[in-house]
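# Report on the structure
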Amino acid sequence: MDIIEKANEEAIRRMLGAEPVLIEVVPAGDIVPNLRDKMILHAGPPIAWDRMCGPMQGAIAGITVFEGWASDLEQAVIMAASGDITFDANHHHDAVGPMTGMTTVSQPMLVVENKTTGNKSYCAINEGLGKVMRFGGNDAEVLNRLSWIRDVLGPAMGKALRDMGGIELKPLIARGLSMGDEMHQRNVACSGLVLRALAAAMAKTSDDATALSEALAFISANDQFHLNIAMAMGKAIMDPVRNIEGSSIVTAMSRNGTDFGIRVSGTGDEWFTAPVEMPEGLYFAGYTEADANPDMGDSTIVETIGLGGFAMGAAPAVAGFVGAGAASEAANYTHRMSEICAAENPEWTIPSMDYLGVPTGIDVRLVVDSGIAPTINTGIAHREPGIGQVGAGVVRAPMACFEQAVRRLAEKLGIS
Amino acid sequence: MATDQDNLPFLGGKLSVINVGLDKFATELADHDVPVVHLDWKPPAGGDPELAALLSKMGT
């Protein structure tokens, strides 16, 4: 249909024309639209307390104590269950968050500006691996780390980024793809590139050598440090693609641990949801699938822009880490995702696949017609609150979300 | 050494197979040394005729 094809061409033009730059780090309360005290933004489509999974409830209890709204976890749970805390989706506030995706007023947020369109998107700073709040961790160790990120790391990064004029992310991603990252479960190269870009400016703008040393050591030790930057970038790229009449391109995929939700350009900001699926993957020593929580997090925004599972061919090393098979099969994932996308990205290419551009612009028509669901690389949280990450794997987006979106788009276009 | 193909004289010679759809058939043939190419295919829209008709009108 001509209107859909033209709308999708515009959607792809906006995606490929984006110029995302990491410009600063600012407390969420100063920059995230309509965020207020005793309000928690979470990953995925909107969800009420009583339908939230264990790690999501655990993280909410933890962040409520962290913000000083409750004195302990028990009081926090009572507050959350009684309606004293307001919940909303990150995506409704220009933000994203990995796994549980907690966003509250005092947390420092990475700010990515799309210089082409001027919109900004936000994501909290990555806490590292293991027992962390994004996986439902909420003990003193977790809260102390968040306090240090708020008081030391966030301000140091903010000063450095403002001093150096930001970090252009498009070329950084291009380089990371050539160094074996897919930017969802493998961010080793990009985290190193970010550190290289930041270190001199952090040293220049710091007046505390000990704090500087701790900050640089923290970034150096975290192979996933870049994930949250990639997520804010993904949101900054996709938000201007929203609301193009007739477009069948997916603008967001997201999960709250209970529901998987997608948004499609031509159907505005409506969520199409279905129950989340269980990742298939590998577990850390001492854990099994019986410990796993279903799929969770806003991090699928990186697949929405053609990275993560869509760029698996660039990262054969990650195929083994997420249990996706032999390294030699990684390219097949990318080829398969090409079948459900409208374009390739000529600036983000995969050298080992003869410089194939990453699949770009998920078309709900192609997903439903082919029966090929988007492949997502993901971390796996323990299903009980307070424990943290137990593995990593691959999961597929539920086909029901895309079927609903096709029906609604057809309805809006008067097709029956 | 004889392969399972030698036991199929009623088909008039050696088989070469293109398998469409379920990959189990291709796997079985390959296990019996029959040359087979598998085409990964599913009915449009998972076999839902209403959705398939909508998609057809929407240009897929």
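Residue indices follow the written sequence of each chain, beginning from 1 at its first position. Key to labels: chains lettered from A, ligands numbered from 1, both in the order written. Under the rules for a predicted model, residues below a pLDDT of 70 receive no local features and side-chain atom pairs below 80 are neither given nor counted, while totals for whole chains, interfaces and linings still include all residues. Side-chain measures were taken over the full set of non-hydrogen atoms in the model, leaving aside hydrogen atoms and water.

## A look at the interface of chain A and chain B
Accessible area lost during the coming together of the parts is what is often quoted as the interface size. As a reminder, the rule being used: Only heavy atoms matter for contacts: two residues are in contact if any of them lie within 4.5 Å across the pair. Buried area is understood as the total, over both parts, of accessible area removed when two parts are fitted together, assessed with a 1.4 Å probe. Whenever a carboxyl oxygen of Asp or Glu lies within 4 Å of a side-chain nitrogen of Lys or Arg, that contact is scored as a salt bridge. Any N or O atom pair separated by 3.5 Å or less is treated as a polar contact, with the protein-specific requirement of one donor-capable and one acceptor-capable atom, and with residues adjacent in sequence counted only for side-chain atom pairs. Secondary structure counts use DSSP, requiring at least four H or I residues in a row for a helix and at least two E residues in a row for a strand, with both numbered from the N terminus.
Listed by partner, the interface residues are 16 residues for chain A and 15 residues for chain B. The junction of chain A with chain B conceals about 1300 Å² of combined surface from both sides, 59% of it contributed by carbon and sulfur atoms. Looking at the side of chain A facing chain B, the largest losses of area belong to A:R365, A:D369 and A:R407, adding up to 36% of the total buried there. With its nearest N and O atoms 3.0 Å apart, the salt bridge here joins B:E50 to A:R407. On the surface where chain A and chain B come into contact, there are eight residue pairs in polar contact (both at pLDDT 80 or more). Of all elements in the fold, only α1 (2–17), α13 (364–370) and α14 (399–412) of chain A reach the threshold of two or more residues within the side of chain A that touches chain B.

## Let's talk about the environment of A:M399
Residue and element names in this part refer to chain A. Residue placement: M399 occurs in helix α14. A sequence separation of 280 residues divides M399 from N119, and the C-alpha atoms of the two residues are 31 Å apart. In contact with M399, not counting residues within four places along its chain, are V367, V368, G371, I372 and A373.

## Digging into the sheet that holds strand β8 (residues 250–256) of chain A
Residues and elements named next belong to chain A. Formally: Two strands make a pair as long as DSSP finds a minimum of two bridges between them. Angles here are taken between N-to-C directions and fall from 0 to 180 degrees, while the axes themselves are lines fitted to C-alpha atoms, restricted in helices to the stretch in contact.
With antiparallel pairing, the four strands of this open sheet are ordered in space as β10-β9-β8-β12. One side of each edge strand has no neighbouring strand; the edge strands of this open sheet are β10 (272–275) and β12 (296–297). Note: β8 against strand β9 (residues 259–264), five bridges, orientation antiparallel. Counted as the bridge partner of S254 is G261 from β9. Each of β8, β9 and β10 touches α14; the most contacted strand, β10, lies at about 155° to it.

## Here we look at the domain arrangement of chain A
Residues and elements named next belong to chain A. Quick reminder of the rule: Segment limits for the domains were obtained from an automatic or database-derived domain assignment.
Its domain assignment divides chain A into domain 1 (18–231) and domain 2 (240–412). Relative placement of domain 1 and domain 2: their C-alpha centres are 21 Å apart. Across the contact, 46 residues belong to domain 1 and 53 residues belong to domain 2. When the two sides are added together, the surface that domain 1 and domain 2 hide from each other amounts to roughly 3600 Å², 64% of it contributed by carbon and sulfur. For the interface between domain 1 and domain 2, the tally reads two salt bridges. Between K170 and E347 there is a salt bridge, and its shortest N-O distance comes to 3.1 Å.

## A closer look at α1(A)
All names here are of chain A. The line we're drawing: To estimate how far a helix should extend, the number of its residues minus one is multiplied by 1.5 Å. Relative accessible area decides the class of each residue, using a 1.4 Å probe on protein chains only: under 20% of the type maximum gives buried, over 50% gives exposed, and in between gives partly exposed. Directions drawn from the helix axis to the C-beta atoms are what define this arc.
The terminal C-alpha atoms of α1, which comprises 16 residues, lie 22 Å apart, in line with the 22 Å expected from a rise of 1.5 Å per residue. For α1, the complete set of buried residues consists of I4, A7, N8, A11, I12 and M15. One face of α1 carries all of its buried residues, which in axial projection span an arc of 140°. Within α1, the exposed residues directed more than 90 degrees away from the buried face are D2, K6, E9 and R13. Packed against the buried residues of α1 are α9 (227–238), α10 (301–304), β13 (341–350), β14 (356–362) and α13.

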